[in-house]
Amino acid sequence: MKVKNMPYEHLDIEDIRKELREAIELARNAKTVEEVLESHERTNKFTVRFMSNYSLCHIRYTCNTADEFYVKENEYYDEIVPEVQALSTEYSNVLLQSPLRAQLEEALSPVYFKYLEVQSKSMSQEIIADMVEENKLVTEYSKLMAGLEFEFRGKTYSRAALSGFFKDDDRATRKEAYEVFGNKMNEVAVSLDDIYDRMVKVRDRMAKKMGYKNYVELGYYRMNRVSYGQKEIEAFRKNVLESWVPVNVRLREENARRLGIDTYMFYDDGVIVPGGNPRPIGGKEEIFKAATEMYHEMSDESAAFIDLMMDNDAFDVEARKNKWGGGYCTNIPAYKQPFILANFNGTSDDVDVMTHEAGHAFNAYLIADNRFAMEIGCGGMETAETHSMSMEYFAWKYIDKFFGENADKYRYMHALDNLSFIPYGTMVDAFQHIVYENPDMTPAQRNEAWLELESKFRPHIHLEGIPFLEEGRRWQYQMHIYETPFYYIDYCLAQTAAFGFLLASQEDYAGAYARYIRLMKQGGETLFPDLLDEAEIAVPFKEGALEELAGKVEALLLTIKEKI
């Protein structure tokens, strides 16, 4: 069934309460393992129904944030989801405290119980009102950002569409586009400060109500991290500073010289290839055709997947007013149907949608029938992003379909851009730790903290003279910072794993792809470090883990550069 034709059902909160309460009581009063498993199956069926309608609402709201019906439905979910989460946590606690727990772990999975333990630490009845407030703030932020329009050279653009000029080969065009962007953002800077300040305060309040020192610990639990914590992330940030940042600075400064740039400005960071970054051949139809051919050649499983996506119109990729400005992949479990939203802008980012977001979608397709597809899905977000980022590199073999004679230029740009992302993403994570450890910081102090991190993680980039950005406000249009705290580091962890798959694929594509598919199919039943060990990929928390990897990636980049 086409996604647009899938029926949406408004679920009344009273019916939701009744369903979950009955499942909770069934599990609580169970005398046998079989009775608990019966309640578990009942809860799963309800979760499929709830999440399918929630996903359909989210899809239709983000496709048009001005649609009055789905605006109201989205507001309704803002109100009820915290209570639903609280009831789900109550159910989890019943399983955790059950006298039958040992038998249940054997019948289900010890890993599943690890997720239940984290869930129990991330939710409390005491914070439901605060979560409702948090949801409303996220919606306020997303609507503000989605509604922005930019006047550039006589035309009006959405933020996503304007960003296409950020990578223009003409330096004056890039500078002008960023000036237009920055001046407009300055008009809403006070609103962005206010929204974020309220977000930080409500999240800090939630943490303290639950007995935590600050939001950092609660934030980690809310990210479902079961195999690593703050200590490991701190070690990763140290590895990035010591082993990754120097390589990035060296490559970026050398590349700037090739581009004829003396002072490396922020608006130069999006351009890598002399003569202009490669752009895909053709528009949406040509990209979709190339992606279909690629996935058909890659494997039988990927062929069946892309056919499902195309047959059911499971994409919305046109940039337009009132459309949510980011990109995502979600899943509609009742139909075992992934869906991808993006904003094409004529740059290579459009192709990345068909590899990165499609990597998420392919994983959802592969694990749709896994025994814990609903309970733990693919695992933590670091695992989910490993699926998507690795697919970007497995697409290299077929990338000429999208870029023709500029395929090597794309490979060079893609790898260098991703190498540069790791310091940036790690900086985002460090910033959030600072903010939530110091919840009373003023907006100015937050901006100062960002600028200080820029000097450590991206010392080669200059911000002077660029409106909005020179004040240290780059973080304010990184949606994850507002909407999903502590998510961004997962991209960085995953990128190191993806680079491992890239290097492996250069030596033995078939073998690397087979290990990748095995990693994908396991879902969340195997923990992240164990997945990497099995796939023969370096675990990025270990001391010095990134030094060898960074060196090999640099060598690969230098080899590709000789071809362009």
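Structure shown above.
Within any chain, residue numbers begin from 1 and follow the written order of that chain's sequence. Where totals are concerned, whole chains, interfaces and linings use all residues; where local detail is concerned, this predicted model gives features only for residues with pLDDT of at least 70, and gives and counts side-chain atom pairs only at 80 or more. The side-chain quantities take in all heavy atoms of the structure and omit both hydrogens and water.

Q: Residues and numbers for the overall build of the protein, please.
A: Here a helix means four or more residues in a row that DSSP labels H or I, a strand means two or more in a row labelled E, and each is numbered from the N terminus. Check the secondary structure of the protein and you find 23 helices and 5 strands. A compact globule built from 564 residues should have a C-alpha radius of gyration of about 24 Å, and the protein, at 23 Å, falls within 12% of that. Referenced to the eigenvectors of the C-alpha coordinate spread, the extents of the protein come out at roughly 75 × 50 × 50 Å. The buried share among the 564 residues of the protein stands at 60%. A separation threshold of at least 6 residues defines the contact pool for the protein, and within that pool the share at least 24 residues apart is 77%. Working note: accessible area of the protein is about 22,300 Å², and carbon and sulfur atoms make up 48% of it. Just so you know, the count uses Lys and Arg for positive and Asp and Glu for negative, and it drops His and the chain ends. Charge positions come from single atoms, namely NZ of Lys, CZ of Arg, CG of Asp or CD of Glu. Charge-centre separation for the protein: the mean point of 65 positive side chains lies 1 Å from the mean point of 95 negative side chains. For a compact globule the rule gives 2.2 Å times the number of residues to the power 0.38, and the radius of gyration it is set against comes from C-alpha atoms. For every residue, the accessible area obtained with a 1.4 Å probe (protein chains only) is divided by the maximum for its type, and the residue is called buried under 20%, exposed over 50%, and partly exposed between those limits. It only takes one pair of heavy atoms within 4.5 Å for two residues to be counted as in contact. Accessible surface is estimated by sampling points in the Shrake-Rupley manner with a 1.4 Å probe; for residues, cover comes only from the protein chains shown.

Q: Can you explain the sheet that holds strand S4 (residues 328-332)? Please cite residues and give values.
A: By the convention used here, strands pair only if DSSP detects at least 2 bridges between them. Reading across from one edge, S3-S5-S4 is the order of the 3 strands in this open sheet, with mixed pairing throughout. The open sheet has two free edges, formed respectively by strand S3 (315-318) and S4, since each of these has just one partner strand. Each strand axis lies, on average, 10° off the axis of its neighbour in the sheet, ignoring direction. Summarising the sheet, S4 and strand S5 (residues 337-344) pair through 5 bridges and their orientation is antiparallel. Counterpart to cysteine 329 in the pairing with S5 is isoleucine 340. Axis angles are defined between N-to-C directions and span 0 to 180 degrees, where every axis is a line fitted to C-alpha atoms and, for a helix, only to the segment in contact. Most of the contacts of helix H12 (residues 284-298) go to S3, to which it runs at about 140°, and overall it touches S3 and S5. Sheet contacts for helix H13 (residues 300-311): S3 and S5; angle to S5, the most-contacted strand, approximately 70°.

Q: Quick one: what's the story with the pattern of salt bridges, residue by residue and with numbers?
A: Salt bridges, as used here, are contacts in which a Lys or Arg side-chain nitrogen is within 4 Å of a carboxyl oxygen on Asp or Glu. Taken as a whole, this structure holds 52 salt bridges when the rule is applied. The salt bridge partner of arginine 250 is glutamate 554, with a shortest N-O separation of 3.0 Å. Of the two residues, arginine 250 is situated in helix H11 (residues 230-258) and glutamate 554 in helix H23 (residues 545-561); the sequence distance between them amounts to 304 residues. The partner of lysine 521 in a salt bridge is glutamate 301, and the shortest N-O contact between them spans 2.6 Å. Of the two residues, lysine 521 is situated in helix H21 (residues 509-521) and glutamate 301 in helix H13; the sequence distance between them amounts to 220 residues. Given the relative accessible area of 36%, lysine 521 is considered partly exposed. By sharing partners, the salt bridges in this structure join Lys18, Glu19, Glu22 and Arg42 into a single network.

Q: For the nonpolar core, give the residues involved together with the corresponding values.
A: Where a protein is soluble and globular, its nonpolar side chains tend to be buried together. Membership of the largest hydrophobic core comes to 202 residues, with the highest contact counts inside it found for Tyr196, Trp244 and Phe499. Excluding residues within four positions of it along the chain, phenylalanine 499 makes contact with Trp244, Tyr393, Ala415, Asn418, Leu419, Ile422, Leu549 and Val553. Residue types Ala, Val, Leu, Ile, Met, Phe, Trp, Tyr and Cys, when buried and joined through side-chain atoms within 4.5 Å, form a set referred to as a nonpolar core.

Q: Give a detailed account of the packing of aromatic side chains, specifying residues and quantitative values.
A: Any pair of Phe, Tyr and Trp rings, taking the six-membered ring for Trp, is counted once the centres come within 6.5 Å. Such a pair is stacked with planes under 30 degrees apart, edge-to-face with planes over 60 apart, and tilted for the rest. All chains considered together, the criterion is met by 56 aromatic pairs. Between tyrosine 212 and tyrosine 221, the ring centres sit 5.8 Å apart and the planes meet at 45°, which makes this aromatic pair tilted. Judged by its relative accessible area of 13%, tyrosine 212 falls in the buried class. The rings of Tyr141, Tyr196, Phe421, Tyr424, Phe431, Trp450, Trp475, Tyr482, Tyr487, Tyr488 and Tyr491 are connected pair by pair, giving a single aromatic cluster. Geometry around tyrosine 509 places lysine 397 over its ring, the cationic atom sitting 4.6 Å from the centre. Comment: the charge-over-ring label is applied if NZ (Lys) or CZ (Arg) is within 6 Å of the ring centre and within 35 degrees of the ring normal. The cationic tip of arginine 474 hangs over the ring face of tyrosine 477; the distance from NZ or CZ to the ring centre is 4.0 Å.

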